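# Survey of secondary and tertiary structure
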Amino acid sequence: MILQVLAKYYERIPNVAQEGFQKQPISFVIVLKKDGHFAGLQDIREGEGRKKRGQPRLVPKAVKRTVRPTANLLWDNPAYVFGRVKPDTKKDIRKLVQRAKGQQALFLDRIKSTFSGNLADEGVAAVIRFLETAECEKIFDHPLWSEIEESGGSISFQLEGDLELVCQRDAVRSAVIRNSKSEDSVGTQICLITGNHDTPARLHTAIKGVWGAQSSGANIVSFNLEAFGSFGKTQGYNAPVGNKAEFAYTTALNALLAKGSRQRIQVGDTSTVFWAEKKHQIEDWFADIFGEPPKEDSDKDNAAIKALFTSPETGAESVLDDNTKFYVLGLSPNASRIAIRFWYAGTVGTVEQNMRQHFNDISIQHGRSQPAYLSLFRLLVSTCVQRKSENIQPNLAGDFMKAILTGTPYPRTLLSSAMRRIRAEQDVTYPRASLIKAVLVRNARHYQKGERKEVGMALDLNNKNIGYRLGCLFAVLEKIQEEANPGINATIRDRFYGSASSTPVIVFPHLMKLKNHHLAKLENRGRAVNFEKIIGEIVDDIKDFPGHLNLDDQGRFAVGYYHRRQDFFKKKDADE
Amino acid sequence: MRGSPVRSNDFRLMVWGRNACFTRPEMKVERVSYDIMTPSAARGMLEAILWKPAIRWKVTQIDVLKPIKWELVRRNELGAVMSPRTTGLFIEDQRQQRAGLLLRDVAYTIHAYFELTDRAGEEDTVVKFTEMFVRRAEKGQCFHRPYLGCREFAADFRPIFNGQTLPAPISASQDLGWMLYDIDFSGAQTMPRFFRASLDKGRVMIDEKEVRP
């Protein structure tokens, strides 16, 4: 289904490449007079310094390069166009020169063979004349030559006065399309994407822009070792995909993955693209909600989430009735191949509803300066070492995203990795607390069908769960210590959080004794009485400190601690 | 001429397992499964219980009994073909880690019948093979363990006889696109055959008229 839907998406994208063509960054354009004389050289790269890169232009589809050299039609790198090599001291210069000479001959041959017979197009004629005569030597004296040599970027040709490249002229277009049809002689077969008869593609266009894959691109449909073939078939014939469908799905996917595309996000190590069956606003805010937010620009992702929450109020239609299909595809590289990490096909209505459910689940009381809703990225990095996206557990991001989209319980590993970070850093942060709360709430809804009361948004004095109660108690004990010793560096949290949340019986009796000393130190007696009251309320029906808390209860401990602590801050806010 | 019909009655076989991977040909290296069992996988399942040159199994319908769930697994697979001339291949050198998007927790009911082929002898009758299949399936006998797409996903099975209630399929309906029907070995080159699969209230009807050569 994946390729089918992608091929269908191709019909939707405007001004995209025709069959036989593709978008390719071109760095330099050689401008020619009609008689083949050199007229000038344009550097069309964008960017600064070392980051300069070519502009994407429509050119005849690139050939697949293997050990055997093959030339592209009317565009290529300097070695092919001019037969000049980048000096390399490690290799034998004579061999390199010889190779480059061969490459240049191939480049010229490719042009000549494509337009064999009548040279109807003056642009092509000019290029051939330019390459065949000493005219092309002029380029080596040009001040930009050293940069061309250095960058190795792609070069193409243009006629003086023309706006398009030579390879974009009508005569070239029709020749390319004619050629792409008669390319294979294997006969037609049924295409497994469209179900129509078509010539199967032997090699598929590389997919570029998958994070971590080779920069030259990688393939989804690829049989790059003999072991992958069946029934004596080679390469793409193992999975007959017609040329038309192959072109459509690769072009569509490349467009989705392109730099600056609004329809791709990086989720952990997975490059994720998403699209709807037809143009839909969800395509615009999906990236804002799930993507990596611009640094410190929390307004932007909040705006998108606000749009999500208010859309049913402002829009007349109910989102649930929106049956537009919506697709999410996660890709990650494995050598020169691309593996499908996850695939989700649903409707806009259910996706919106599930996303809203997710944001309801993760919302928890927080400080005034913190964003109301946390993006997927912020939640995920809170579970890993140094809060770096590359440290996110490999499968976690994809599983998490899928759970959000389908409305199923969050992955188990989410809870355990959040807990592990809390224990390692002795810090219950806002994202972690909200993550743990979300996991607990969702599990309760899913497995217990709301029979038991779960943790809420803010402090809940009636919650009788032992983990939750102990979490609250721990927060109070810490607060007492802080007030008894203003400006203290390390509190009981730094020393005891881990064991308090897992094996309370070992720590709490000691902490309760310690508390008495702290209370004695408080100067404000009223405050001390107040604290005693709070503690009394919490421990009221705790008979024994349990020997051990299970993972869920440890999660409730963290949430209880977080709630109680937030509540102290809230009071302070109100006093001011 | 034989006195008995060449086509058997319909059989129903329920199969289930922890995992399944009915690999799509276009993504068979970094495997991605089809959403449901393919007819050729179902045929393989029946052939594991009973296969003779005299009969040919035809799958007519597959019921999906559990919601379609996915699981991503990385597995070690082999990345080389052993040459006939070599004395062996050391797997540690040829190991490759490959991703697989598999199905999880699956169960299907296969509806199928068999036909007698040209290779059926004088004593081969439909009744004979029907009895054989029923006997074998009831006892859980098989030539090799039936599997769900890949050998490592072994399947459990039980026959459902006339009079027994069929397990209810799921309620989902969706288009599944072009799906592999089977491989055609009759020509000079083996050719895959595809058919348009669609899930209709948990059932996939397999009509051979729809299969495209």
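Residues numbered from 1 in each chain as written. Chains lettered and ligands numbered in written order. Predicted model: local features only at pLDDT ≥ 70, side-chain atom pairs only at ≥ 80, totals over all residues. Heavy atoms only, no water.

## Structural notes on the overall build of chain B
Summing up its helical and strand segments, chain B has two helices and nine strands in all. Shown N-terminal to C-terminal, the secondary structure of chain B runs as helices and strands in the order β-β-α-β-β-β-α-β-β-β-β. Classification of the 213 residues of chain B by burial places 49% in the buried group. Taking all contacts inside chain B whose residues are at least 6 apart in sequence as the whole, residues at least 24 apart take part in 71%. Surface accessibility of chain B: about 10,900 Å² in total, with carbon and sulfur atoms responsible for 49%. The average position of the 33 basic charges and that of the 27 acidic charges among the side chains of chain B differ by 2 Å. (Helix = DSSP H or I, 4+ residues; strand = E, 2+ residues; numbered from the N terminus. Buried < 20%, exposed > 50% of the residue type's maximum accessible area, 1.4 Å probe, protein only. Contact = heavy atoms within 4.5 Å. Areas by Shrake-Rupley, 256 points an atom, 1.4 Å probe, with all protein chains shown as cover. Lys, Arg positive; Asp, Glu negative; His and termini not counted. Charge placed at Lys NZ, Arg CZ, Asp CG, Glu CD.)

## Describing the pattern of salt bridges
Residues and elements named next belong to chain B. Summed over all chains, the structure comprises 41 salt bridges over all chains. Two residues, aspartate 10 and arginine 7, come together in a salt bridge whose shortest N-O distance is 3.8 Å. Note on aspartate 10: relative accessible area 36%, which makes it partly exposed. The partly exposed category is assigned to arginine 7, whose relative accessible area is 41%. In this structure, the salt-bridge partner of arginine 196 is aspartate 175, at a minimum N-O distance of 2.6 Å. (Salt bridge = Lys/Arg side-chain N within 4 Å of Asp/Glu carboxyl O.)

## Some thoughts on empty space enclosed by the protein
Sizing a probe to match a water molecule and rolling it over the atoms shows the empty space that remains. Counted according to the given criterion, the structure contains two cavities of 30 Å³ or more. In this structure, the largest cavity encloses a volume near 50 Å³. Residue lining of the largest cavity: A:Ile2, A:Trp343, B:Arg24, B:Val32, B:Ser33, B:Asp35, B:Trp70 and B:Leu101, and that is the complete set. In terms of residue class, the lining of the largest cavity is made up of five nonpolar, one polar and two charged. Per-class residue counts for the lining of the second largest cavity are six nonpolar, no polar and four charged. (1 Å grid on protein atoms, 1.4 Å probe; cavity = no way out; pocket = protein on both sides within 12 Å on 5 of 7 lines; lining within 4 Å. Points joined across faces, edges and corners; volume = space filled by probe spheres on them. Nonpolar A, V, L, I, M, F, W, Y, C, P; charged D, E, K, R; others polar.)

## Some words on the interface of chain A and chain B
Contact residues are listed per partner, giving 36 residues for chain A and 33 residues for chain B. Contact between chain A and chain B buries roughly 2,900 Å² in total, counting both sides, with carbon and sulfur atoms accounting for 60%. Put simply, chain A and chain B have one salt bridge between them. The salt bridge partner of B:Glu30 is A:Arg337, with a shortest N-O separation of 2.9 Å. (Buried area = accessible area lost by both parts, 1.4 Å probe.)

## Let's talk about the sheet that holds strand β10 (residues 270–276) of chain A
All names here are of chain A. Read across the sheet, four strands follow the order β9-β10-β11-β12 without closing on themselves; strand pairing throughout is antiparallel. Strands at the two margins of the open sheet, each flanked by one partner only, are β9 (264–267) and β12 (337–347). If you compare each strand with its neighbour and ignore which way they point, the axes differ by 25 degrees on average. Relative to strand β11 (residues 325–334), β10 is paired through six bridges, and the arrangement is antiparallel. When the bridges of β11 are listed, serine 271 appears paired with leucine 331. In this fold helix α10 (residues 348–362) packs onto β11 and β12, with an angle of close to 95 degrees to the strand it touches most, β12. Sheet strands touched by helix α12 (residues 396–406): β9, β10, β11 and β12. Its angle to β12, the strand with the most contacts, is close to 15 degrees. (Pairing = 2+ DSSP bridges. Axes fitted to C-alpha atoms, helices over the stretch in contact; angles between N-to-C directions.)

## A look at the packing of aromatic side chains
Per the counting criterion, the structure on display carries 31 aromatic pairs over all chains. Summarising the aromatic geometry, the rings of A:Phe82 and A:Trp145 are spaced 5.6 Å apart at their centres and angled 85 degrees between planes, so their arrangement reads as edge-to-face. Residue A:Phe82 is located in helix α2 (residues 78–82), and its partner A:Trp145 is located in helix α5 (residues 145–151); the two are separated by 63 residues in the primary sequence. Take A:Phe82 and A:Trp145: they sit in the same class, and that class is buried. An angle of 90 degrees between the planes, with centres 6.3 Å apart, marks the rings of B:Phe114 and B:Phe129 as edge-to-face. Residue B:Phe114 is located in strand β5 (residues 95–116), and its partner B:Phe129 is located in helix α2 (residues 126–139); the two are separated by 15 residues in the primary sequence. Residue classification places B:Phe129 among the buried positions, given a relative accessible area of 2%. (Phe/Tyr/Trp six-rings, centres within 6.5 Å; stacked < 30°, edge-to-face > 60°.)

## Quick word on the sheet that holds strand β5 (residues 75–76) of chain A
All names here are of chain A. The sheet built from four strands is open, its strands ordered β3-β2-β6-β5 with mixed pairing. Looking at strand neighbours, the two that pair on one side only are β3 (38–43) and β5, the edges of this open sheet. The sheet contact formed by β5 and strand β6 (residues 155–159) spans two bridges and is antiparallel. When the sheet's bridge partners are listed, aspartate 76 is paired in β6 with isoleucine 155. Against the sheet, helix α4 (residues 122–132) makes contact with β2 (28–32), β3 and β6, and its axis sits at roughly 120 degrees relative to β6, the strand it touches most.

## A closer look at the packing of helix α1 (residues 2–10) of chain A against helix α7 (residues 243–257) of chain A
All names here are of chain A. Running from N to C, α1 and α7 cross one another at 80 degrees; their axes reach a closest spacing of 7 Å. By the angle between their directions, the pair α1 and α7 is classed as roughly perpendicular. Where α1 approaches α7, its residues Leu3, Leu6, Ala7, Tyr9 and Tyr10 are matched on the opposing element by Ala245, Phe247, Ala248, Tyr249, Thr251, Ala252, Leu253 and Leu256. Its residues assigned to classes, the contact of α1 with α7 shows 12 nonpolar, one polar and no charged. (Parallel < 35°, antiparallel > 145°, perpendicular 65-115°, else oblique.)

## Topic: the confidence of the model for chain B
Put simply, chain B has an average pLDDT of 90, and 98% of its residues get 70 or more. Taken together, the chains of this predicted complex give a pTM of 0.78 and an interface ipTM of 0.87. (pLDDT = per-residue confidence, 0-100.)

## Overview of helix α3 (residues 93–114) of chain A
Residues and elements named next belong to chain A. Here α3 is 22 residues long and its end C-alpha atoms lie 32 Å apart, about the 32 Å a rise of 1.5 Å per residue gives. For α3, every residue scored as buried is listed here: Leu96, Ala100, Gln103, Gln104, Phe107, Leu108, Ile111 and Thr114. Angular distribution of buried residues about the axis of α3 spans 145 degrees; they occupy a single face of the element. Facing away from the buried surface of α3 by more than 90 degrees, the exposed residues are Arg94, Lys95, Gln98 and Lys101. (Expected span 1.5 Å × (residues − 1). Arc of directions from axis to C-beta.)

## A short note on the side chain of A:Thr491
Tracing the sequence through the fold places A:Thr491 in the loop between α15 (466–484) and α16 (492–502). Take A:Thr491: its relative accessible area is 6%, and that puts it in the buried class.

## A look at the environment of B:Arg151
All names here are of chain B. Relative to the elements of secondary structure, arginine 151 occurs in the loop between α2 and β6 (156–160). On the basis of relative accessibility, which here comes to 58%, the residue arginine 151 falls in the exposed class. For the pair arginine 151 and tyrosine 181, spaced 30 residues apart in the sequence, the C-alpha separation amounts to 19 Å.

## Here we look at the nonpolar core
The biggest cluster of nonpolar side chains holds 98 residues, and the ones touching the most others in it are A:Trp275, A:Leu329, A:Ile340, B:Met37, B:Tyr108 and B:Leu148. Considering every element that reaches this core, the biggest residue donor is β5(B), with nine residues. Beyond its immediate stretch of four places on either side in the chain, A:Ile340 contacts A:Ile2, A:Ile220, A:Leu329, A:Gly330, A:Leu331, B:Met27, B:Val32, B:Leu72 and B:Leu101. (Core = buried A, V, L, I, M, F, W, Y, C linked by side-chain atoms within 4.5 Å.)

## Topic: the side chain of A:His280
All names here are of chain A. Its location among the elements puts histidine 280 in the loop between β10 and α8 (282–290). Given the relative accessible area of 10%, histidine 280 is considered buried. Sequence-distant contacts of histidine 280, defined by excluding residues within four places in its chain, comprise Asp322, Thr324, Val348 and Glu352.

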